[in-house]
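# Analysis of the macromolecular model
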Amino acid sequence: MNSIRIFPCEFFPTLIIIIPMKHLKRTKIVDILKLTPTNEIINVKGWVRSKRGNKNVNFIALNDGSTIQNIQLVVDVEKFGEEYLKPISTGACISVNGILVASQGQGQAVEINASEIHIYGEADPLTYPLQKKGHSLEFLREIAHLRPRTNTFSAILRIRHAMAFAIHNYFNNHGFFYLHTPIITASDCEGAGQMFQVTTMDLQHIPTDESGKVNFSEDFFGKPANLTVSGQLEGELGALALGSIYTFGPTFRAENSNTPRHLAEFWMIEPEVAFYEIEDNMDLAEDFLKYLIQYALDNCKEDLAFLNQMWDKELIERLEFVTNNKFIRLSYTEGIKILEEAVKNGHKFEFPVSWGTDLQSEHERYLVETHFKCPVILSDYPKEIKAFYMKLNNDNKTVRAMDVLFPKIGEIIGGSQREESYEKLKSRIEEMNIPLKDMWWYLETRKYGTAPHSGFGLGFERLLLFVTGMGNIRDVIPFARTPKNADF
RNA sequence: UCUUCAGUAGCUCAGUUGGUUAGAGCACCUGACUGUUAAUCAGGGGGUCCUAGGUUCAAGUCCUAGCUGAAGAGCCA
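Residues numbered from 1 in each chain as written. Chains lettered and ligands numbered in written order. Predicted model: local features only at pLDDT ≥ 70, side-chain atom pairs only at ≥ 80, totals over all residues. Heavy atoms only, no water.

### What to know about helix 5 (residues 151–173)
- For helix 5, which comprises 23 residues, the first-to-last C-alpha distance of 32 Å matches the rise-based estimate of 33 Å (1.5 Å per residue) to within 8%.
- Looking at the residues trailing helix 5, positive phi occurs at G175, about 75 degrees. (Helix = DSSP H or I, 4+ residues; strand = E, 2+ residues; numbered from the N terminus. Expected span 1.5 Å × (residues − 1).)

Next comes the structure, spelled out in structure tokens:
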């Protein structure tokens, strides 16, 4: 390393002597904390969380993001000089060589006696927005470029990584293949809300035809194109060839949703499996969610403990409850009966309950949080309130849909067994006025070698809301995209 | 998009029935302190009271509109 150390000379106070800092391979704090103290010199690099002390000795709490834990640096003030240490304030980035020793203080097992310090970057205390105190989540959202440097967000981002890894791990272990479905799609029939249009046309001079309509043949793809709202339809194509696939990618919805549970850009996991009935689909969803939550409990202990202590005292308890209890499974019809019973017994809902209407948030919350106090898988909804591709039951009234409802989050998973009959699917498409010409490829999977199959979509950030205990989805993604907000 | 609530120092917030020079804690700066744990102690600086109108002798405080944020609802994962 070409780093240097500068310090004032005793005889010529203005003279600065430059000495190359001894080059050592960096050790991450997460690994340092596992070491037993020897007399070897090690190097640590990171950002200063706090500096305290007196005329003789300074204590620097350093964090490098590898763990929520800081390493304590002990700095002899006389050795470096007050002036040199001054710019090492909260937020500054430094590289330190020193000896790892057993701590003389109470708060930590080991600490580093600093012998050389190089300052990579100062952080002017007058303007650096992060202080050594708690900040509101709303304030931190306004400084999304710096919030990963806080304990809370570094914990969330490490958990986010762990969950992404665990998702791939689970599917790989279960023989699923990761299928990359397109981000840009020219089919407007994915049926999950408003789409963002993709175009290379000059919006100031849009080409039109004789009748004044937009001439999309001049656009990049020669027809209207959008960002995907779901990889499911393509996922089905994969499942009907590879057997078991999953997608895990960004998803875009141009809905004007202003809630703590919605993002315009979010990540979704969509497994799709051939020869799966709806019950198999439920088994997969339950096993998958429990695996992920258990993975977090096993591998993100310190970060979860921090979030539990800081934001949500019941977090770990709630996670353990979910892994230890079977999800309640019941049909939409049974759910309605329970809700009607509740109304009879005096429970007041803002919206009326009756068979055939979609369940409101308050109804789902009643089932999950009040009645069962447990995750619930609701299935077999009336066909009128569900998507065209869901398999019709023999009663001709309900479809094999399933929603997994979680406490605090609501719908975390939505899925179904897919309609595999060419004729039934075709007539559903026609009933819902979806243009058949755009769906020919989807229908051909039913025309040639069709098979029963099922799948679901898991909102990655909704999973993270549950696992981290955060209340707002904008706090579990590094850079949130919501209506009127695409900064950073 | 609808409903409700909020916007005062860098951050978190107090500010009485409308009444003189708008406060506190933390942060920051200066000083003290021989091992601190978001160190402590003493002192200091720091304000377009969200914006624009209006009511009033007088507005941080009341009214109207807008902007921004949050919560709930709808849409959904």
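### Looking at the protein's contact with RNA strand B
- Around RNA strand B sit 50 residues in total, of which R52, K133, T259, H262 and R462 are the nearest.
- If you look at RNA strand B and keep only atoms within 4 Å of the protein, 51% of those are sugar or phosphate atoms.
- In this structure, a base oxygen belonging to RNA strand B sits 2.5 Å away from a side-chain N or O atom of S257.
- Residues that form the surface near RNA strand B fall into these classes: 10 nonpolar, 25 polar and 15 charged. (Near = heavy atom within 4 Å. Polar contact = N/O pair within 3.5 Å; in protein donor to acceptor, adjacent residues only side chain to side chain. Nonpolar A, V, L, I, M, F, W, Y, C, P; charged D, E, K, R; others polar.)

### Here we look at the sheet that holds strand 17 (residues 410–417)
- Taken together, the eight strands give an open sheet; going across it, the order is 8-12-13-18-17-16-15-14, and neighbouring strands pair in mixed fashion. Edge positions in the sheet fall to strand 8 (177–178) and strand 14 (328–331), since each of these pairs with one other strand and no more.
- When strand 8 meets strand 12 (residues 244–252), the two strands line up parallel, connected through two bridges. Within strand 12, the position partnered with F177 by the bridge is I245.
- The strands touched by helix 10 (residues 332–344) are strand 14 and strand 15 (376–382); relative to strand 14, the strand with the most contacts, the crossing angle is about 95 degrees. (Pairing = 2+ DSSP bridges. Contact = heavy atoms within 4.5 Å. Axes fitted to C-alpha atoms, helices over the stretch in contact; angles between N-to-C directions.)

### Section: the pattern of salt bridges
- Considering all chains together, one arrives at 22 salt bridges under this definition.
- Here K391 makes a salt bridge to E420, at a shortest N to O gap of 3.3 Å. Here the residue K391 occupies a position in the loop between strand 15 and strand 16 (398–406), and E420 occupies one in the loop between strand 17 and helix 12 (422–431), the gap between them amounting to 29 residues.
- For the salt bridge of E430 with K426, the shortest nitrogen-to-oxygen distance reads 3.7 Å. Placement of both E430 and K426 in helix 12 is noted, with a separation of four residues, approximately one turn of the helix.
- Overall, the relative accessible area of 26% leaves K426 in the partly exposed class.
- Counted as one network, the salt bridges with shared partners bring together E236, E272, R418 and R446. (Salt bridge = Lys/Arg side-chain N within 4 Å of Asp/Glu carboxyl O. Buried < 20%, exposed > 50% of the residue type's maximum accessible area, 1.4 Å probe, protein only.)

### Remarks on the sheet that holds strand 10 (residues 197–198)
- Taken in spatial order, the three strands line up as 9-11-10 in an open sheet, and their pairing is antiparallel. Of all the strands in the sheet, the pair left with one neighbour each is strand 9 (184–185) and strand 10.

### Observations regarding the environment of D395
- As for its placement among the helices and strands, D395 is situated in the loop between strand 15 and strand 16.
- In this structure D395 comes out as partly exposed when scored by relative accessible area, which is 41%.
- Between the alpha carbons of D395 and V110 there is a distance of 68 Å; along the sequence they are 285 residues apart.
- In this structure the side chain of D395 is engaged in a polar contact, spanning 2.8 Å, whose partner is the backbone nitrogen of K397.

### Here's the deal with the packing of aromatic side chains
- All chains considered together, the criterion is met by 22 aromatic pairs.
- Here F165 and Y295 contribute two aromatic rings whose centre-to-centre distance is 6.3 Å and whose plane-to-plane angle is 45 degrees, an arrangement assigned as tilted. With F165 in helix 5 and Y295 in helix 7 (residues 278–299), this residue pair connects regions lying 130 residues apart in the sequence.
- A residue is classified by how much of its surface remains accessible, and F165, at 42% relative accessible area, is partly exposed.
- Centre to centre, the rings of Y170 and F288 are 5.1 Å apart; their planes meet at 50 degrees, and the pair counts as tilted. Linking Y170 in helix 5 with F288 in helix 7, this pair joins segments that are 118 residues apart in sequence. (Phe/Tyr/Trp six-rings, centres within 6.5 Å; stacked < 30°, edge-to-face > 60°.)

### Focus on the packing of helix 7 against helix 9 (residues 315–324)
- Taken N-terminus to C-terminus, the directions of helix 7 and helix 9 make an angle of 140 degrees; their axes are 9 Å apart at the nearest point. As the angle between them shows, helix 7 and helix 9 are arranged oblique. Here helix 7 runs over helix 9; the crossing is left-handed. Two secondary-structure elements touch here, helix 7 through K290, I293, Q294 and L297 and helix 9 through I316, L319, E320, V322 and T323.
- Per-class residue counts for the contact of helix 7 with helix 9 are five nonpolar, two polar and two charged. (Parallel < 35°, antiparallel > 145°, perpendicular 65-115°, else oblique. Left-handed = near helix turned anticlockwise from the far one by under 90°.)

### Focus on the pairing of strand 18 (residues 453–459)
- Of all seven residues in strand 18, seven are buried, a share of seventy percent or more.
- With burial as the criterion, each face of strand 18 is covered, one bearing H453, G455, G457 and G459 and the other bearing S454, F456 and L458.
- Here five bridges tie strand 17 to strand 18, and the two strands are oriented antiparallel to one another. Bridging from a neighbouring strand, G415 pairs with F456 of strand 18.

### Observations regarding unusual backbone geometry
- The residue D380 is not glycine, and still its phi comes out positive at about 55 degrees.
- Here D380 is to be found in strand 15.
- Look at D380 and you get partly exposed, because its relative accessible area is 22%.
- Phi at N396 is positive, roughly 65 degrees, even though this residue is not glycine.
- If you trace the backbone, N396 turns up in the loop between strand 15 and strand 16.
- A residue is classified by how much of its surface remains accessible, and N396, at 47% relative accessible area, is partly exposed.

### Focus on a nonpolar patch on the surface
- Together, I183, I184, F220 and F221 make up a nonpolar patch on the protein surface, roughly 380 Å² of accessible area in all.
- With respect to the helices and strands, I183 occurs in the loop between strand 8 and strand 9. (Patch = residues over 30% accessible without salt bridge, like charges linked within 9 Å, V, L, I, M, F, W, Y side chains within 5 Å. Areas by Shrake-Rupley, 256 points an atom, 1.4 Å probe, with all protein chains shown as cover.)

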